[in-house]
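# Notes for the structure review
Take a look at the letters that make up each chain.
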Amino acid sequence: MSGRWIEREPMYLSFDVYNCAFCGKNVPRHVWLEDIDGDDVPFCAPEVADIHLRTRQRDDATARRADSDLGLTEQLRLVRENCKALRRD
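Residues numbered from 1 in each chain as written. Predicted model: local features only at pLDDT ≥ 70, side-chain atom pairs only at ≥ 80, totals over all residues. Heavy atoms only, no water.

Turning our attention to the confidence of the model for the chain. On average, residues of the chain score 77 in pLDDT, and 71% of them reach the 70 mark or higher. No element of the chain has a lower mean pLDDT than helix H2 (residues 72-82), at 76, and none a higher one than strand S3 (residues 39-43), at 93. Here residues 61-67 is modelled with pLDDT under 50, and outside its nearest four sequence neighbours on either side it reaches 4 contacts, counting other chains as well. (pLDDT = per-residue confidence, 0-100. Helix = DSSP H or I, 4+ residues; strand = E, 2+ residues; numbered from the N terminus. Contact = heavy atoms within 4.5 Å.)

As C-alpha cells, this is what we get:
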C-alpha cells in the first residue's frame, strides 16, 4: 500500500470535503489517502483501502485474482471493524 494519513483542519476552518471511496462516509478529520493510478483517493482507514484495491483487482477482467487467505465474508467483517461509519458503538 502506498497511502498516507493526513490530518485536516476542523470543518469550520476548511471547506474541502473528503468522503471514503469505499463506504461513502464523510471523513471529517483523519483521512487515509491512497495513491491509485496517480490520484490521491480518500478512505476512512488503510484496511478499507486495501479491501477496495483487492476488490478492484478482482473485478478487473484482465487482472489475476488477488491472493488472499480471507474470504469475502471475512473481508466485509474487517471493513465493518475499521470503518467508523459502520461500527455499532
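What follows covers the sheet that holds strand S1 (residues 4-7). Strand order in the open sheet formed by 3 strands is S1-S2-S3, with antiparallel pairing between adjacent strands. One side of each edge strand has no neighbouring strand; the edge strands of this open sheet are S1 and S3. On average, adjacent strands in this sheet sit at an angle of 40° to one another, irrespective of strand direction. Both S1 and strand S2 (residues 30-36) contribute to a ladder of 4 bridges, which runs antiparallel. Residue pairing across strands places Glu7 opposite His30, the latter belonging to S2. (Pairing = 2+ DSSP bridges. Axes fitted to C-alpha atoms, helices over the stretch in contact; angles between N-to-C directions.)

Examined against the element boundaries, Ile51 turns out to sit in helix H1 (residues 46-59). We classify Ile51 as buried; its relative accessible area is 3%. Remark: the alpha-carbon pair of Ile51 and Leu72, spanning 21 residues in sequence, is separated by 9.6 Å. Those residues in contact with Ile51, other than ones at most four positions away along the chain, are Phe22, Gln75, Leu78 and Val79. (Buried < 20%, exposed > 50% of the residue type's maximum accessible area, 1.4 Å probe, protein only.)

Cys20, Val27, Phe43, Cys44, Val48, Val79 and Cys83 are the most contacted members of the largest nonpolar core, which has 15 residues in total. Of all the elements in the fold, those that place two or more residues in this core are S2, S3 and H1. No other element matches the 4 residues that S2 contributes to this core. Beyond its immediate chain neighbours, meaning those up to four positions away, Val27 contacts Arg8, Tyr18, Asn19, Cys20, Phe43 and Cys44. (Core = buried A, V, L, I, M, F, W, Y, C linked by side-chain atoms within 4.5 Å.)

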